[in-house]
Amino acid sequence: MKIGIVGLPNVGKSTLFNAITNAGAASANYPFCTIDPNIGVVAVPDPRLDALAELYNPDKLTPAVIEFVDIAGLVRGASKGEGLGNKFLAHIREVDAIVHVVRCFSDGDIVHVDGELDPARDIETIELELIFSDIELVERRIERASKAAKGDKKFAAEAAFFSRLKAHLEEGYPARSLKVEDAGELEYYRSVPLLSGKPVIFAANLGESDFLSPFEDNPYYRKVQRIADSQQALVVPICAQLEADIADMTEEEKLLFLSELGLTKSGLDRLITASYDLLGLMSFLTAGKTEVRAWTIQKGTKAPQAAGKIHTDFERGFIRAEVIAFDDLMACGNMVAAKEKGLVRLEGKEYVMKDGDVVLFRFNV
């Protein structure tokens, strides 16, 4: 999974990226300090992996991972090439979802690219650039479908759909808020790499005092929440500076520090959880002496396709899956006891995987 971190200059975007990936992206009090996208791969925290590692004492422990991409800041006019706009827009096309960092803190020492703090305007600035870029794509698609419809009437429905999408975009609404009527329209929609169609998490970057007090009291946060609600998007309150403070701590020090602040999870953990929820993802587990590993799949994935995540041969030659729920395995203490109690199930090609399934796939090619 690839997540793009975006935002206007000086909103705390690169500070957050540095903190959660320790990748060392440039961070300074001026626009465009991050010229090329910086990439950091981070492990998805999963206490089930640690529990299985204690059970199996494996040679290798492999968590699921998320790739975070710090995308260069942009300004109004990016869709027309202003600032680093063209690079910014090209890199967004490559990600699965967007974390949009929105500044919700006041600091006279950190300049705002538009002079004053207004989260609603900041969100609109970026979203309009994505929408303008999408309109150009959609116009080309309308032109192509309209020409094809002169010789084949089946293209008329395609032209009509994209005309409706264009009107929606021109009203200032992102593509993801368009109501798609049927499977045919969904196919048209998915055939175009729409920037404003990407799933979005708004990361409301608060000052430390606001973050540690009820953050809902922050008027800027409330503005972001209202916008997210109107778009069926998610909001995660964060404090990028606090994340930077704990970035170099050991896991034990981090947990103790967060506990003293009354927090149970870091900002990274909350962003990952939100990303999984937004994209409809979950993890299944494989366990043995050689390796204990977590695998990320879409919710609703059937057993053969889950097996294919490990190796294409596993899917091609799928016979059955030996499955046990993680909680059942831990309650029994080992696989032998679980089998004696009849908790290990044999599942076939139609089995829909569940989060936390511990699986051994049987195959033959």
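This section reports on the structure supplied with the text. (Residues numbered from 1 in each chain as written. Predicted model: local features only at pLDDT ≥ 70, side-chain atom pairs only at ≥ 80, totals over all residues. Heavy atoms only, no water.)

### Remarks on helix α5 (residues 155-170)
Part 1 of the reasoning: An ideal rise of 1.5 Å per residue puts 22 Å on 16 residues; α5 measures up with 23 Å between its terminal C-alpha atoms.
Part 2 of the reasoning: Taken together, the buried positions of α5 are Glu-158, Ala-159, Phe-161, Phe-162, Leu-165, His-168 and Leu-169.
Part 3 of the reasoning: Looking at the buried residues of α5, the elements they touch are α4 (119-149) and α6 (183-190).
Part 4 of the reasoning: Within two residues after α5, Gly-172 carries a phi angle of roughly 90 degrees, on the positive side. (Helix = DSSP H or I, 4+ residues; strand = E, 2+ residues; numbered from the N terminus. Expected span 1.5 Å × (residues − 1). Buried < 20%, exposed > 50% of the residue type's maximum accessible area, 1.4 Å probe, protein only. Contact = heavy atoms within 4.5 Å.)

### Digging into the sheet that holds strand β5 (residues 97-103)
Part 1 of the reasoning: The strand order across the open sheet built from six strands is β2-β4-β1-β5-β6-β7, with neighbouring strands paired in mixed fashion. What marks the edges here is a single partner per strand, and that holds for β2 (38-43) and β7 (234-238). Going from strand to strand, the sheet's axes swing by 25 degrees on average, the running direction of each strand aside.
Part 2 of the reasoning: Across four bridges, the pairing between strand β1 (residues 2-6) and β5 is parallel. From the neighbouring strand, Gly-4 faces β5, where its bridge partner is Ile-98.
Part 3 of the reasoning: Packing of helix α1 (residues 13-21) onto the sheet brings it into contact with β1, β2, β4 (65-70), β5 and β7, and relative to β4 it is tilted by some 150 degrees. (Pairing = 2+ DSSP bridges. Axes fitted to C-alpha atoms, helices over the stretch in contact; angles between N-to-C directions.)

### A closer look at the packing of α4 against helix α8 (residues 219-231)
Part 1 of the reasoning: For the pair α4 and α8, interaxial distance at closest approach is 8 Å and the crossing angle is 40 degrees. Relative to α8, α4 is oriented oblique. Taken together, the residues of α8 that come into contact with α4 (itself represented by Pro-119, Ala-120, Ile-123 and Glu-127) are Tyr-220, Lys-223, Val-224, Ile-227 and Gln-231. (Parallel < 35°, antiparallel > 145°, perpendicular 65-115°, else oblique.)

### Some details on empty space enclosed by the protein
Part 1 of the reasoning: A complete count under the given rule lists one cavity of 30 Å³ or more for this structure.
Part 2 of the reasoning: Reported here for the largest cavity is a volume of approximately 50 Å³.
Part 3 of the reasoning: Lining the largest cavity, in full, are Val-6, Ile-98, His-100, Ile-126, Glu-127, Leu-130, Arg-176, Leu-195, Lys-198, Val-200 and Phe-202.
Part 4 of the reasoning: For the lining of the largest cavity, the elements supplying multiple residues, two or more each, are β5, α4 and β6 (200-205).
Part 5 of the reasoning: Within the lining of the largest cavity, the residues separate by chemical class into seven nonpolar, one polar and three charged. (1 Å grid on protein atoms, 1.4 Å probe; cavity = no way out; pocket = protein on both sides within 12 Å on 5 of 7 lines; lining within 4 Å. Points joined across faces, edges and corners; volume = space filled by probe spheres on them. Nonpolar A, V, L, I, M, F, W, Y, C, P; charged D, E, K, R; others polar.)

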